[in-house]
Amino acid sequence: MIYLIKTNRRLLKNTISFTLLFLCISLVSCKIKSKSITNQETNSKIKKVELIDGFTFSNKTVNYNITKAELNQNTLSIIVSYGGGCEVHEWALKGPTDFLKSLPPKKGLFLEHNSNGDRCRKVITDTLLFDITRTKYPGKEKDYSVVLKLNGYLNKDIIYSY
């Protein structure tokens, strides 16, 4: 009888130890996954603006806020905030190939956001970088300006002087 009690205690002790070890490993692996997703390493790379023939602007509401947009030579830096934290978000800057008829010429740009079904609610702030060299006015490769109109960046024009 004493032998059975000692065996049961040892079994219970081993079961508790195994459960605690499993729980610790699970918690550590969740934290590692969380760090890799919220890091958003893909957003730190400079992406090219996509100009598309016949591009039309989307009427759907955007699920992000543009805090700031500024130019540094040929790179447009856009600071955005959005809800997420569980999936990697993808961004693209798109616009038409043609310009609005005005002086200086204007070009509309649309910031496209794919949340990949992210349902988390953590507020994320990222800086997106885009090479806007393709938005130069044809035939005017230097000493010229184009006004860029970015959706979601209300009443603020971005003057691209090159």
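In every chain, residue numbers begin from 1 and rise along the written sequence. Thresholds applied to this predicted model are a pLDDT of at least 70 for local features of residues and 80 or more for the giving and counting of side-chain atom pairs; totals over whole chains, interfaces and linings are not thresholded and use all residues. Computation of side-chain values: all heavy atoms of the structure, hydrogens and water removed.

Engineer: Could you give an account of the pattern of salt bridges, naming the residues involved and the relevant values?
Structural biologist: Between side chains of opposite charge, a pair can form as their charged atoms come close. We define a salt bridge as a side-chain nitrogen of Lys or Arg found within 4 Å of a carboxyl oxygen belonging to Asp or Glu. The tally for this structure, following the rule as stated, stands at four salt bridges. Ionic pairing is found between Glu 70 and Lys 68, a salt bridge with its closest N-O pair at 3.6 Å.

Engineer: Report on the confidence of the model for the protein, specifying residues and quantitative values.
Structural biologist: pLDDT expresses, on a scale from 0 to 100, how confident the predictor is about each individual residue. Scored by pLDDT, the protein has a mean of 80; 73% of the residues are at 70 or more. Residue contacts follow a heavy-atom distance rule, with two residues in contact if any of their heavy atoms lie within 4.5 Å. In the predicted structure, residues 18-43 sits below a pLDDT of 50 and forms 22 contacts with residues beyond four places in sequence or in another chain.

Engineer: Tell me about the packing of aromatic side chains, and name the residues and values.
Structural biologist: Between the rings of Phe, Tyr and Trp (Trp by its six-membered ring), a pair exists once the centres lie within 6.5 Å; its type follows the angle of the planes, with under 30 degrees stacked, over 60 edge-to-face, and the other angles tilted. This model, assessed by the stated rule, comprises five aromatic pairs. In this structure an aromatic cluster arises from ring pairing among Tyr 64, Tyr 82 and Trp 91. Lying over the aromatic face of Phe 99, Lys 107 brings its terminal NZ or CZ to 3.9 Å of the ring centre. Charge-over-ring placement is defined geometrically: NZ (Lys) or CZ (Arg) within 6 Å of the ring centre, and within 35 degrees of the ring normal.

Engineer: Account for the state of the cysteines, with residues named and values stated.
Structural biologist: In protein structure, a disulfide is the covalent linkage between the sulfur atoms of two cysteines. Note on terminology: disulfide denotes any pair of cysteine sulfur atoms within 2.5 Å. Scanning all chains against the criterion turns up one disulfide. With its sulfur 1.6 Å from that of its partner, Cys 86 forms a disulfide with Cys 120. Where Cys 86 bonds to Cys 120 through sulfur, the torsion about that S-S bond is close to -70 degrees, and the disulfide is left-handed. Here the residue Cys 86 occupies a position in the loop between β4 (75-84) and β5 (90-96), and Cys 120 occupies one in the loop between β6 (106-114) and β7 (122-131), the gap between them amounting to 34 residues. When a residue's accessible area, from a 1.4 Å probe over protein chains only, is under 20% of the maximum for its type it is buried; when over 50% it is exposed; and in between it is partly exposed. Given a relative accessible area of 32%, Cys 86 falls into the partly exposed group. Secondary structure counts use DSSP, requiring at least four H or I residues in a row for a helix and at least two E residues in a row for a strand, with both numbered from the N terminus.

Engineer: Just give me the short version of the pairing of β6, but keep the residues and values in it.
Structural biologist: Strand pairing requires that DSSP identify at least two bridges connecting the strands. Of the pairings in the sheet, the one linking β5 to β6 comprises five bridges and is antiparallel in character. Within β6, the position partnered with Leu 93 by the bridge is Leu 111. By the bridge criterion, four bridges tie β6 to strand β8 (residues 145-150) in an arrangement that is parallel. Note that in β8 the partner of Lys 107 across the bridge is Leu 148.

Engineer: Got a sec to walk through the sheet that holds β8? Specific residues and values, please.
Structural biologist: As summarised here, the arrangement of the five strands in space is β2-β5-β6-β8-β9, forming an open sheet in which the pairing is mixed. Only two strands of the sheet have a single partner each, and these edge strands are β2 (50-52) and β9 (157-161). For this sheet the average axis-to-axis angle between neighbouring strands, irrespective of direction, equals 35 degrees. Interaxial angle, 0 to 180 degrees, is taken between N-to-C directions of lines fitted to C-alpha atoms, where a helix line uses only the stretch in contact.

Engineer: How would you sum up the sheet that holds β4? Please name residues and give values.
Structural biologist: Reading across the sheet, the four strands line up as β1-β7-β4-β3 and stay open at both edges, with mixed pairing between neighbours. For this open sheet the edge positions go to β1 (46-48) and β3 (64-72), each flanked by a neighbour on one side alone. For this sheet, the mean inter-axis angle between neighbouring strands, taken without regard to orientation, is 35 degrees. Strand direction decides the pairing type here: β3 and β4, joined by eight bridges, are antiparallel. Looking at β4, one finds that Ala 69 is bridged to Ile 78.

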